[in-house]
Amino acid sequence: MNTVYFSLGANLGEREQTLTQAIQMMEQQIGSLLRCSSFFYSEPWGFQSEHAFCNICASFLTEMTPEQLLKETQAIERLLGRTEKSTPPTNTQRTDCLPNYHDRTIDIDLLQYFDSNHQERIVQTPSLTLPHPLMHRRDFVRIPLQEITTAEIHQP
């Protein structure tokens, strides 16, 4: 069994309820929930909004590949009302440019993936990068993640 870590966030609607529902759906679709952090509240990161975020981190045991997990979590996002993904940065020549973020009912990010031998899987595809390249820069990820794991947070 593989161990995978996720970050979930919402800044529209019934945030806590949506995150709880997402975790329940992930248990049905992805695998066994190992741990889930408490709610962490934060201001939007990477864009301006009057709507604060509610965030959690969770770890699961799964037999799915990272690519399968991405497909499943995106389907869960759609079922919970997410209609659009953040768009890639407009300046593709600069590596420090952020995507164009916006308010959302739910966001599920894969953070880290460890295989059955406890080896961290590195993934670099057009649709997925693991470990998540920005997680070390985001308190709304680092703090809840530290609550559920003693593993070191990857820093590029």
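This is a predicted model, so every value here is computed, not measured.

Peer 1: Got a minute to help me understand the overall build of the protein chain in this structure?
Peer 2: Each helix and strand counted, the protein chain has 3 helices and 7 strands in total. The helix and strand sequence of the protein chain, counted from the amino end, reads β-α-β-β-β-α-β-β-β-α. By residue count, 44% of the 156 residues in the protein chain fall in the buried class. When the accessible surface of the protein chain is split by element, carbon and sulfur atoms take 47% of a total near 8,600 Å².

Peer 1: What is the right way to read the environment of Gln68 from this model?
Peer 2: Relative to the helices and strands, Gln68 is located in helix H2 (residues 66-79). Its relative accessible area of 41% is what places Gln68 among the partly exposed residues. It is 9.0 Å that separates the C-alpha atoms of Gln68 and Ile30, two residues lying 38 residues apart in sequence.

Peer 1: Is there a simple way to think about the side chain of Thr149 in this case?
Peer 2: Within the element layout of this structure, Thr149 appears in the segment after helix H3 (139-148). A distance of 3.5 Å separates a polar atom in the side chain of Thr149 from a polar atom in the side chain of Tyr5. Setting aside residues up to four positions removed in sequence, Thr149 forms contacts with Tyr5 and Arg35.

Peer 1: I'm lost on the pattern of salt bridges in this one. Help?
Peer 2: Two side chains with opposite charge may pair up if their charged atoms get near one another. For the structure shown, the criterion picks out 4 salt bridges. Across the pair Arg15 and Glu16 runs a salt bridge whose closest N-O atoms are separated by 3.9 Å. Judged by relative accessible area, which is 26%, Glu16 ranks as partly exposed. A salt bridge links Arg138 to Asp109; the shortest N-O distance between them is 3.9 Å. Taken together, the residues Arg138 in the loop between strand E7 (129-130) and H3 and Asp109 in strand E5 (residues 107-114) connect sequence positions 29 residues apart. Each member of the pair, Arg138 as well as Asp109, is classed as buried.

Peer 1: Help me out: how do you make sense of the pairing of strand E4 (residues 53-62) in this one?
Peer 2: Two faces, one strand: in a regular strand the side chains alternate between the faces of the sheet. Buried residues dominate E4, accounting for 9 of its 10 residues. The pairing of strand E1 (residues 2-10) with E4 spans 9 bridges and is classified as antiparallel. Bridge pairing in E4 links Ala10 to Cys54. Inspection of the sheet shows strand E2 (residues 31-36) paired to E4 by 5 bridges, in the antiparallel sense. Residue Gly31 lies in a different strand from E4, and its bridge partner there is Thr62. The pairing of strand E3 (residues 40-42) with E4 spans 3 bridges and is antiparallel.

Thresholds applied
- Residues numbered from 1 in each chain as written.
- Predicted model: local features only at pLDDT ≥ 70, side-chain atom pairs only at ≥ 80, totals over all residues.
- Heavy atoms only, no water.
- Helix = DSSP H or I, 4+ residues; strand = E, 2+ residues; numbered from the N terminus.
- Buried < 20%, exposed > 50% of the residue type's maximum accessible area, 1.4 Å probe, protein only.
- Areas by Shrake-Rupley, 256 points an atom, 1.4 Å probe, with all protein chains shown as cover.
- Polar contact = N/O pair within 3.5 Å; in protein donor to acceptor, adjacent residues only side chain to side chain.
- Contact = heavy atoms within 4.5 Å.
- Salt bridge = Lys/Arg side-chain N within 4 Å of Asp/Glu carboxyl O.
- Pairing = 2+ DSSP bridges.

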